[in-house]
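Each chain, letter by letter, is given below.
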Amino acid sequence: MSSSVISLSNAYIYQKDNLILSDVNFSIEKGEFVYLIGKTGSGKSSLLKTLYADLFLEKGSGTVVDYKLEEIKYKEIPFLRRKIGIIFQDFQLLSDRNIFQNLKFFMEAMGWEDKYKIEERIVEVLELVGLPEVLSKMPHQLSGGEQQRIAIARALLNHPEILLADEPTGNLDPEKSIEILKLFFKINEVSETAVLMATHELDLIERFPRRTLYCDNGAITDLTDNS
Ligand SMILES: Nc1ncnc2c1ncn2[C@@H]1O[C@H](COP(=O)(O)OP(=O)(O)OP(=O)(O)O)[C@@H](O)[C@H]1O
Ligand SMILES: [Mg+2]
């Protein structure tokens, strides 16, 4: 049995009628860490959006956890998203409530009901991202790097099999970027969560090399593929 958490085969990625990427073929195994690079407008976000079913896969086939992207129904999309964690450049925390309420709100929306289990899991994920004491703080009381840690904690709440991160360090200074990258490595190692991270920061990749997919000229190539 395959242990792929993502698999695309002859996939074509569109934005409306515009073809962005052709004949995309790759898979990501359970517990893998993969960078996604390419210049601005090359299609990194479009690829990630297809993987979390914000863009429909019009042509070719793709599987993300147990869902077939070319067949997924609108009402199944929230269930797919419960199995993946998504992280953006802007942290997208709710500014009108504290960190505990932010995470609780998200869990209730995902179907968590038991108050004690909710509290227990919130404490666990905050511990994992190294911010155990921010429960009652408001988002604006945290630094950018700390807010991104909370966004990562939020992405982890449901024990996802994969994290999809779209330039998660794009708003952070180099030192904070490295801390966030190291946090992704830690999560990847501790919980065997696969990570696919789009980034512009080639110096980070050079310093911390991992498997790298390159988006260019309407295609994706695996820079680490020797075959
Ligand atoms: N909502 C949209 N509607 C139509 N076209 C779009 C939309 N979003 C992106 N595009 C186009 O799709 C192409 C790929 O954009 P995409 O955002 O995937 O690139 P990217 O690699 O993520 O770039 P960046 O590094 O700037 O984030 C671009 O030509 C862009 O103009
Ligand atoms: Mg992008």
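Conventions we followed
Residues numbered from 1 in each chain as written. Chains lettered and ligands numbered in written order. Predicted model: local features only at pLDDT ≥ 70, side-chain atom pairs only at ≥ 80, totals over all residues. Helix = DSSP H or I, 4+ residues; strand = E, 2+ residues; numbered from the N terminus. Buried ≥ 20, exposed ≤ 12 C-beta atoms within 10 Å, placed from the backbone. Domains from an automatic or database assignment. Contact = placed C-beta atoms within 7 Å. Nonpolar A, V, L, I, M, F, W, Y, C, P; charged D, E, K, R; others polar. Pairing = 2+ DSSP bridges. Arc of directions from axis to C-beta. Axes fitted to C-alpha atoms, helices over the stretch in contact; angles between N-to-C directions.

A word on the environment of Glu-179. Within the secondary structure layout, Glu-179 lies in helix α6 (residues 174–191). By the C-beta count within 10 Å, which is 15 here, Glu-179 ends up partly exposed. Considering only alpha carbons, one finds Glu-179 and Gly-145, 34 residues apart in sequence, at a separation of 8.3 Å.

This brings us to the domain arrangement of the chain. Partitioning the chain into structural domains gives domain 1 (1–83 + 160–227) and domain 2 (93–159). For domain 1 versus domain 2, the separation of C-alpha centres amounts to 24 Å. Counting residues at the interface gives 11 residues for domain 1, matched by 12 residues for domain 2. Examining the composition of the side of domain 1 that touches domain 2, we find that five residues originate from one element, α6, more than from any other. Considering only residue class, the side of domain 1 that touches domain 2 consists of seven nonpolar, one polar and three charged.

Turning our eyes to something else, we now look at the sheet that holds strand β2 (residues 18–29). Reading across the sheet, the four strands line up as β2-β1-β4-β5 and stay open at both edges, with antiparallel pairing between neighbours. Every interior strand has two partners, whereas the edge strands, β2 and β5 (67–68), have only one. As defined by bridge partners, strand β1 (residues 4–15) adjoins strand β4 (residues 59–64) across five bridges and the pair is classed as antiparallel. Residue pairing in the sheet places Ile-6 in a bridge with Val-64 of β4.

Time to look at helix α3 (residues 99–109). Turning to α3, its buried residues are Ile-99, Asn-102, Leu-103 and Met-107. For α3, the buried positions fall inside an angular range of 125° around the axis, keeping them on one side. Of the exposed residues in α3, those oriented more than 90 degrees away from the buried face are Glu-108 and Ala-109. Where the residues of α3 are buried, they touch α4 (115–128) and α5 (144–156). Looking one or two places after α3, you find Gly-111, whose phi comes out positive at around 105°.

The next point concerns the sheet that holds strand β3 (residues 33–37). Reading across from one edge, β6-β7-β8-β3-β9-β10 is the order of the six strands in this open sheet, with mixed pairing throughout. Single-partner strands in this sheet number two, and they are β6 (84–87) and β10 (219–222). In this sheet, adjacent strand axes meet at a mean angle of 15° when their direction is disregarded. Relative to strand β7 (residues 162–166), β6 runs parallel, the two being bridged by four bridges. Across the sheet, the residue bridging to Ile-86 is Leu-164, located in β7.

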